Structures are given as structure tokens and as C-alpha cells.
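Here is what each chain is made of, one letter per residue.
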Amino acid sequence: MRFLKCLEWRGITKARYSTQTSKQILLLKYENLKNKCLTIEAFDEKINPKGVFTNNEICLQDIDVYGFDYDYTLAYYNVSLYRLLFDLAKDYLIVHHKYPPGLKNVDYLSHFPIRGLHLDIKKGWLLKIDSYQNLQLGTVYHGMNEIAHNEVIKNYGGRRFNVEDIGFSQSSPNFHHFVDLFCLPEICLLACTFQYMLDKGIKYQPEYIFQDVHDSINSIHRNYSLHRSIVQSIDDYLLPIRDENSKLKEFLSRLQKNGKKVFLITNSPYWFVNFGMQSLCGEDWSKMFDLIICSARKPQFFNSHSKPFRKFNVKVCK
């Protein structure tokens, strides 16, 4: 009733209470909540800024099966891995896609990429779009250059996208969404490559640079050059002494002792996972899992109609 009175006060009658009116109500709620958030000076000191806030409607005691990925879930890496990814993909870009050798001198910029960015594939613009398809001004870059607000608005006709523009899964033929931590080096390599081309006055099509950089990132995963480099110097990348990793064995053992079923599913090959998990949990790490799936080829694993399995002989294939 209060909303109806508010609408009547604003000149919106009950007879006009429609889909358009509902939209106005939601926008009004959004603006009011946003204004309240902007007036908050500081969080309550009692709130732990490093705390984990979960959905209290879920009782973990009722969960019988727990599944884990390997990279960045069971295994925690430091920033050196981003530099390794960046350098390997950069070398692949130069050698296999014949990009200018001068790119070799470009370094990874840890302060630049953030998770969740989109790439406008046709324009070569990196930008931040929130979960409500709103473009965040001040986040639009071509190379290392921020695009002026008025130019952004002029090109997109506003700050809001349709779901059809960016895709229901946040990716479309015109936009690519960088969703995980492994994407940070790819974002940086894209921006650095665009900037190199701009600085050198080299003509290019952004779409082809995206395709080549994306292929370079995927190739160092497919040919296992990334995995081999990590295994050769695992102490430089994996952090077994950090809390994120050091308590892993204790956590998995607790799940097992409480009768939970535990599985591991990862896109990484078994020999790579085995090497890392031995470093984290000891040689008997596999006993902590009821099922282990490697080289899973996610996300196709979850939506493909054909999911052939091959049983892996760990005694023969190390």
C-alpha cells in the first residue's frame, strides 16, 4: 500500500499500474538503496573484513557430497603464476602467430587486470559490466588508455546493455567474459598487445588479436607447457605453507571422517594434479577422495551429450 500511495503522489494512478510501473518501482528501490549505501561512512568494527558470509539457509550437515576443482580451489598459487602464464602465452603469440618480436619486452602488469571484465571483441575495448548489464564508467580501456565517458556513451547509446548484447552466459559473438583467475594474464596480454600496436602505428583488427591471444593462452594449457613449467619449479608457484593450502589435508580428512563423499574434477592432467597434491597432502592424497576425474574438459563436461570415461592406471602412467 505504501508503494501505491507513493506512486499516486508521483502522479501514477492505480489504473496505470503496469509492467512499466513495476520497472519504475524497481528503479526507485534501487536508487534508494544505492543512496543509503553511499552514505555509509564505515563498516561496523565487529565485522571481520576477511570473514566468509554464507547462506544461512543451507545446513552443511545435510550435504552428503562435496566436489572440488584443483587449480585455485585445492591448490593456491601466487602472482608468479600469472607472470608465467603471461610470458608463455606471449612467446607463443610471437613464435606461432608471428607477432612483432618487440612484444618480448612487454612485462606483466599485476595492477591492471581484474576478474570479471568483458571485452568488446569488435572494438578491442575492455570494460566492466555488472550482473544487471550496467556498464561501469571509468572501467573502459583500449590498451592502457581509458576511453572518455562521452565517447563510451556515444558508442553504446547509454550505459545499459540488453541481455542479448552480451549473452545469457555473459558471453556472445560481440563480447567475451573473463570469468576466472586464469584470465588475468590474458586480459593483460590483450591490453599490452593493443597498446603495442597503437604505439608502433601498426594497423590491426581487434577481433583477430583477441582470437590469437585467446588461442595462445589455450595452447599453453593444451600442450602442457604451463604444467611442465609449474612442476619444474613448484615451490615458486604453489604455496604449501599458506593457510589456504596448509590446512587442506586436515579439512579433507574431516569430511571423510564425517562420512561425506568427496570427489575431485579438474581439467588438469593426472600427472600434474598428482605432483601438486603430493606436495600438499602427501603421497596417499588420493585416499581422501571417492572419485577423481582429470582432463575433464569443463565446461563441456557438464553439457556435452557424449562423456566417455577412460580408467587411468596410476601404476603405469605416472
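For clarity, every value in this text was computed on a predicted model and none was experimentally measured.

**Focus: the pairing of strand β7 (residues 261-265)**
Sheet analysis places strand β1 (residues 65-68) next to β7, joined by four bridges and oriented parallel. When the sheet's bridge partners are listed, Val 65 is paired in β7 with Lys 261. Where β7 meets strand β8 (residues 291-293), three bridges bridge the pair, whose relative direction is parallel. Each bridged residue has a counterpart across the sheet, and for Leu 264 the counterpart in β8 is Ile 292. Considered for its hand, the β-α-β crossover made up of β7, helix α12 (residues 270-281) and β8 is right-handed.

**Regarding the packing of helix α3 (residues 80-96) against helix α7 (residues 206-222)**
In the contact formed by α3 and α7, the axes pass within 8 Å of each other and the chain directions differ by 115°. As α3 runs across α7, the sense of the crossing is right-handed. Every residue of α7 that contacts α3 at Leu 85, Leu 88, Ala 89, Tyr 92 and Leu 93 is listed here: Asp 212, Val 213, Asp 215, Ser 216, Ile 217, Ser 219, Ile 220 and His 221. Residues that form the contact of α3 with α7 fall into these classes: eight nonpolar, three polar and two charged.

**As for the confidence of the model for the protein chain**
For the protein chain, the mean per-residue pLDDT works out to 86, and 87% of the residues sit at or above 70. Here residues 7-15 scores under 50 on pLDDT; set against residues more than four positions off or in separate chains, the count is ten contacts.

**Notes on the packing of helix α8 (residues 225-232) against α12**
Between α8 and α12, whose axes approach to 10 Å, the crossing angle comes to 25°. When the interaxial angle is binned, α8 and α12 end up roughly parallel. Relative to α12, the crossing made by α8 is left-handed. Contacts between α8 and α12 involve His 227, Arg 228, Ile 230 and Val 231 from the former and Trp 271, Phe 272 and Phe 275 from the latter.

**Describing the sheet that holds β1**
Here three strands make up an open sheet; going across it, the order is β1-β7-β8 and the pairing parallel. Two strands in the sheet have a free side with no partner beyond their single neighbour: β1 and β8. The sheet shows a mean angle of 15° between the axes of neighbouring strands, taken without regard to direction. Across the sheet, helix α11 (residues 248-257) touches β1 and β7, and the angle it forms with β1 is around 155°.

About the cut-offs
Residues numbered from 1 in each chain as written. Predicted model: local features only at pLDDT ≥ 70, side-chain atom pairs only at ≥ 80, totals over all residues. Heavy atoms only, no water. Pairing = 2+ DSSP bridges. Helix = DSSP H or I, 4+ residues; strand = E, 2+ residues; numbered from the N terminus. Right-handed = clockwise from strand over helix to strand, strands pointing away. Axes fitted to C-alpha atoms, helices over the stretch in contact; angles between N-to-C directions. Left-handed = near helix turned anticlockwise from the far one by under 90°. Contact = heavy atoms within 4.5 Å. Nonpolar A, V, L, I, M, F, W, Y, C, P; charged D, E, K, R; others polar. pLDDT = per-residue confidence, 0-100. Parallel < 35°, antiparallel > 145°, perpendicular 65-115°, else oblique.

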